[in-house]
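Here are the chains, one letter per residue:
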Amino acid sequence: MKGIVFTEFLEMVEREFGFEVLDEIINESNLASGGIYTSVGTYDFIEMQSLIVKLSEKTKLSVDELLYAYGKTFFAMLEKNHKNIFNLYSGPLEMLASIENHIHVEVRKLYPGAELPTFRIIHQDEHSLEMMYYSDRSMYMFAKALMEKTFEHYHENSRINLEKVQEDGTQVRFKIHKAGYAVS
Ligand code: HEM
């Protein structure tokens, strides 16, 4: 996992829960890196998992709730640092349908060593997109937040349903609709 995912996460923790909580989760997580990350470095995903589980214990928020909140924060970084990618698409569904074959392909060049999910499009039309999410990291709530923010970015409303195909969240089906259109 890339360092930028850690640095953005730790900034969110400090902003939302304060320096003390930040300090505690770093000290109690037994991190190989010692909790020192550079945005271009690459670190073991286990470190992120430990940090989130510790944060969940401290805040009583679930890991899913925290990953969802973190997705919203991470999106702001994407908007700021990758404007050119957003400019390529005229709307949210076009953009989301391009993650697998274009966006994350570019990301692999920009962030060597990135560990990315796989998205497989099942159905696509003018108003909706159905995609499977596959990842050993089970960050589907992070994905949901990024999808919702993508709609907001283009000033459109969304309705996004997810269904776990694997109980552990490594395979999740997303049904993404432009709000205002009937769910099929
Ligand atoms: C400008 C557009 C985007 C850029 C530059 C980008 C970049 C990245 C980067 C750098 C990571 C971290 C990789 C790592 O830590 O090794 C990541 C992870 C991820 N991205 Fe993107 N991304 C973009 C758009 C999106 C969108 C719109 C989605 C919507 C679902 C998405 C879904 C994900 C997910 C779910 C992960 C977490 C990894 C996992 O689940 O296995 N990305 N992305």
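Residues numbered from 1 in each chain as written. Predicted model: local features only at pLDDT ≥ 70, side-chain atom pairs only at ≥ 80, totals over all residues. Heavy atoms only, no water.

A. Expanded view of helix H4 (residues 63-81). Look at H4: 26 Å from first C-alpha to last across 19 residues, which is about the 27 Å you get at 1.5 Å a residue. Where the residues of H4 are buried, they touch helix H1 (3-17), helix H3 (45-59), helix H5 (83-87) and helix H8 (140-153). (Helix = DSSP H or I, 4+ residues; strand = E, 2+ residues; numbered from the N terminus. Expected span 1.5 Å × (residues − 1). Contact = heavy atoms within 4.5 Å.)

B. Here's a closer look at the domain arrangement of the protein chain. Domain parsing of the protein chain yields domain 1 (3-61) and domain 2 (99-178). Relative to domain 2, the C-alpha centre of domain 1 lies at a distance of 24 Å. At the interface, four residues of domain 1 touch six residues of domain 2. Summed over both partners, the interface of domain 1 with domain 2 buries about 390 Å², with 68% contributed by carbon and sulfur atoms. For the domain 1 face of the interface with domain 2, the top three residues by lost area are Ile4, Thr42 and Phe45, together amounting to 80%. Taken together, domain 1 and domain 2 are joined by zero salt bridges. There are zero residue pairs in polar contact (both at pLDDT 80 or more) connecting domain 1 and domain 2. Looking at the side of domain 1 that touches domain 2 residue by residue, the classes come out as three nonpolar, one polar and no charged. (Domains from an automatic or database assignment. Buried area = accessible area lost by both parts, 1.4 Å probe. Salt bridge = Lys/Arg side-chain N within 4 Å of Asp/Glu carboxyl O. Polar contact = N/O pair within 3.5 Å; in protein donor to acceptor, adjacent residues only side chain to side chain. Nonpolar A, V, L, I, M, F, W, Y, C, P; charged D, E, K, R; others polar.)

C. Looking closely at the coordination of the iron atom of the ligand. Donation to the iron atom of the ligand from the protein comes from one atom only, His104 (NE2), at 2.1 Å. By secondary structure assignment, the location of His104 is in helix H7 (residues 99-110). (Donors = N, O, S within 2.8 Å, 3.2 Å for Na, K, Ca; no water.)

D. Just the environment of His127, in detail. Summarising the element assignment, His127 is placed in the loop between strand E1 (118-124) and strand E2 (128-134). The exposure class assigned to His127 is partly exposed, which follows from its relative accessible area of 25%. In sequence terms His127 and Leu93 are 34 residues apart; their C-alpha atoms lie 7.8 Å from each other. (Buried < 20%, exposed > 50% of the residue type's maximum accessible area, 1.4 Å probe, protein only.)

E. A look at the site of the ligand. The full set close to the ligand counts 28 residues, and Lys2, His104, Glu115, Tyr133 and Ser135 are the nearest of them. The contact in question runs from an oxygen atom of the ligand to an N or O atom on the backbone of Glu115, over 2.6 Å. Breaking the shell around the ligand down by element, the ones donating at least two residues are H5, helix H6 (92-97), H7 and H8. Sorting elements by how many residues they give to the shell around the ligand places H8 first, with five residues. When the residues that make up the shell around the ligand are grouped by side-chain class, the tally is 21 nonpolar, four polar and three charged. (Near = heavy atom within 4 Å.)

F. Seen up close, unusual backbone geometry. In the Ramachandran plot, Lys60 falls in the positive-phi region, its phi being about 65 degrees despite a non-glycine side chain. At His155, a residue that is not glycine, the phi angle is positive and equals roughly 55 degrees. With respect to the element layout, His155 can be found in the loop between H8 and strand E3 (158-164).

G. Main features of the packing of aromatic side chains. Under the counting rule described, the total for this entry stands at 10 aromatic pairs. Ring centres of Tyr70 and Phe142 lie 5.5 Å apart, and the angle between their planes is 45 degrees; this geometry places the pair in the tilted category. Taken together, the residues span a long stretch of sequence, with Tyr70 in helix H4 and Phe142 in helix H8 at a distance of 72 residues. Note on accessibility: Tyr70 and Phe142 belong to one class, buried. (Phe/Tyr/Trp six-rings, centres within 6.5 Å; stacked < 30°, edge-to-face > 60°.)

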